[in-house]
Amino acid sequence: QVQLVESGGGLVQPGGSLRLSCAASGFTFSSYAMSWYRQAPGKERELVARITSAGGSTNYADSVKGRFTISRDNAKNTVYLQMNSLKSEDTAVYYCRVWVAGINYWGQGTQVTVSS
């Protein structure tokens, strides 16, 4: 079955960096686009970044452009989110997502807290 396992979250000071990872299994990873979403307390889940199956194209939310970079390693079945210049408003639970055979799959999420 499809499984997505996020890691790499934590507490970081404003201006700091974190790299999130999402290890995928149960499907042909290299055939599917992957996305990162986040959900802050009291807010709806929002798309942060998306990458196509081969990694040739990426899209970002306006709020993270120039600070976050999504990438993938198809040999390791893993997608990454490099987050630089973090701000307090980036505090949220970050989720990995894939759409396979008409079903939306989510990981369990990893908490990112940006605070001094």
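Presented here is an overview of the structure given in this document. (Residues numbered from 1 in each chain as written. Predicted model: local features only at pLDDT ≥ 70, side-chain atom pairs only at ≥ 80, totals over all residues. Heavy atoms only, no water.)

On the secondary structure map, Pro41 appears in the loop between strand E4 (34-39) and strand E5 (46-51). When the C-alpha positions of Pro41 and Ala92 are compared, they lie 7.0 Å apart, and in sequence the two are 51 residues distant. (Helix = DSSP H or I, 4+ residues; strand = E, 2+ residues; numbered from the N terminus.)

The subject of this paragraph is the nonpolar core. Counting 30 residues, the largest nonpolar core has Phe27, Met34, Trp36, Val79, Leu81, Met83 and Tyr94 as the members making the most contacts within it. For this core, the secondary structure elements donating two or more residues are strand E3 (18-25), E4, E5, strand E7 (68-73), strand E8 (78-83), strand E9 (92-100) and strand E11 (110-114). Among the elements that line this core, the one with the most residues is E9, at 5 residues. Look past the residues within four positions of Tyr94 in its chain and what remains in contact with it is Glu6, Leu20, Trp36, Tyr37, Arg38, Val48, Phe68, Leu81, Met83, Gly109, Thr110 and Val112. (Core = buried A, V, L, I, M, F, W, Y, C linked by side-chain atoms within 4.5 Å. Buried < 20%, exposed > 50% of the residue type's maximum accessible area, 1.4 Å probe, protein only. Contact = heavy atoms within 4.5 Å.)

This part covers the pattern of salt bridges. Under the criterion given, the structure shown has 4 salt bridges. Among the salt bridges present, the one from Arg38 reaches Glu46, with a minimum N-O distance of 2.7 Å. Given a relative accessible area of 6%, Arg38 falls into the buried group. Put simply, Asp90 and Arg67 hold a salt bridge, and the shortest N to O gap is 2.7 Å. Of this pair, Asp90 sits in the loop between E8 and E9 while Arg67 sits in the loop between strand E6 (58-60) and E7; the two residues are 23 residues apart in sequence, bridging distant segments of the chain. Across the pair, Arg67 and Asp90 agree in class, each one buried. Look at the salt bridges and you will find they share partners, linking Arg38, Glu46, Arg67 and Asp90 into a network. (Salt bridge = Lys/Arg side-chain N within 4 Å of Asp/Glu carboxyl O.)

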